[in-house]
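The chain contents come next:
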Amino acid sequence: MPFFAGEQQFGARLLALLALMGAVAAVERWRRGAAATRWREYAFVLGVAAIGALAGAAIDACTSRLSPAYFIDWKGIEPGVGFERRAVQLGAKAGFGAGFFAAALLAFANTGRDGAPLLRSRALAGRAARVLLVALSSALLLAVAAPLLELPSPVARPPFCLDRAASHAWWIHLGAYAGAAIGLAVELWRLRRARRDASRANQREPLG
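What counts and how
Residues numbered from 1 in each chain as written. Predicted model: local features only at pLDDT ≥ 70, side-chain atom pairs only at ≥ 80, totals over all residues. Heavy atoms only, no water. Phe/Tyr/Trp six-rings, centres within 6.5 Å; stacked < 30°, edge-to-face > 60°. Buried < 20%, exposed > 50% of the residue type's maximum accessible area, 1.4 Å probe, protein only. Axes fitted to C-alpha atoms, helices over the stretch in contact; angles between N-to-C directions. Helix = DSSP H or I, 4+ residues; strand = E, 2+ residues; numbered from the N terminus. Parallel < 35°, antiparallel > 145°, perpendicular 65-115°, else oblique. Left-handed = near helix turned anticlockwise from the far one by under 90°. Contact = heavy atoms within 4.5 Å. Core = buried A, V, L, I, M, F, W, Y, C linked by side-chain atoms within 4.5 Å. Polar contact = N/O pair within 3.5 Å; in protein donor to acceptor, adjacent residues only side chain to side chain.

Undergrad: Sorry if this is basic, but what is going on with the packing of aromatic side chains here?
TA: The geometry of an aromatic ring pair comes down to the distance between the two centres and the angle between the two planes. Per the stated rule, a full pass over the model turns up 4 aromatic pairs. Residues Y70 and F71 carry aromatic rings whose centres are separated by 5.5 Å and whose planes lie at 85° to one another, so their mutual orientation is edge-to-face. The pair Y70 / F71 is uniform in exposure class, with both members buried. Consider the rings of W170 and W171, whose centres lie 5.0 Å apart with planes at 80°: the pair is edge-to-face. Summarising the burial analysis for this pair, W170 and W171 share the class buried. An aromatic cluster is built from Y70, F71 and W74, whose rings are joined through pairwise contacts.

The following block contains the structure:
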């Protein structure tokens, strides 16, 4: 994600984001008191983003050992001393950004026009966990199937031309991102359907 990209800018942008979220939550708390909900939403988003960072770091820790060339040639990571640390940092940043984006969409879909959440934080966290599970399962599936798969034509041609190990790493990363996208789409659809069903149930309630 562009906002979270960059070696030097990541820390400053993260601090700016945290400051903005803290200010918005504080203002809402001051205006609404105990009815404020922003802080819960922000805590959920940041918690999922942190877990995403751990998952991304773990994936890149494995794939950087599987194929250092993939990270050097494809990701632009400098080789030499500290290579593995830089690869893990890259994975953590990518995972944080992906987790933040997914959690923000889930939180938005969970909030009605009146600002009331459809699901409690624990239930929403369960949906985020399912997205992560699908992402990791998809990465594992493609890790096993990679030796049997051919690279898509654009990746198989120059300037990429990945070797076998780099191709294996590419499939694992593709599996993680594709699985996250599929899992997120399913959970967003389920939230939309649940909100629609709740709205219909409220409309059928007798008056008086």
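Undergrad: Can you help me understand the packing of helix α1 (residues 9–32) against helix α4 (residues 83–110) in this one?
TA: To describe two helices that pack against each other, one gives the angle between their axes and the distance between the axes. Packing of α1 against α4 brings their axes to within 12 Å, and their N-to-C directions diverge by 25°. In terms of orientation, α1 lies roughly parallel with respect to α4. When you trace α1 past α4, the crossing you get is left-handed. Of the residues in α4, those touching α1 at F10, L14, L17 and M21 are K93, F96 and F100.

Undergrad: Would you mind showing me how to read the nonpolar core here?
TA: Burial of nonpolar side chains together is a common tendency in soluble globular proteins. By size, the foremost hydrophobic cluster in this structure holds 22 residues, and its most contacted members are F44, V45, F96, F100 and L106. If you list the elements that add at least two residues to this core, you get α1, α2 (38–66), α4, α5 (121–145) and α7 (164–204). Ignoring sequence-local partners within four residues, the contact set of L106 consists of F44, L124, A128, L184, E187, L188 and L191. Judged by nonpolar contacts, the second largest core, of 12 residues, contains F71, L151, W170 and W171.

Undergrad: Please clarify how the environment of S64 should be interpreted in this entry.
TA: Among the structural elements, S64 can be located in helix α2. Sequence separation between S64 and E84 is 20 residues, and the spatial gap between their C-alpha atoms is 6.7 Å. Those residues in contact with S64, other than ones at most four positions away along the chain, are F71, F83 and A87. There is a polar contact of 2.7 Å between the side chain of S64 and the backbone oxygen of D60. Within the structure, the side chain of S64 is placed 3.2 Å from the backbone oxygen of A61, a separation counted as a polar contact.

In short, shape yes, function no, at least from these values alone.
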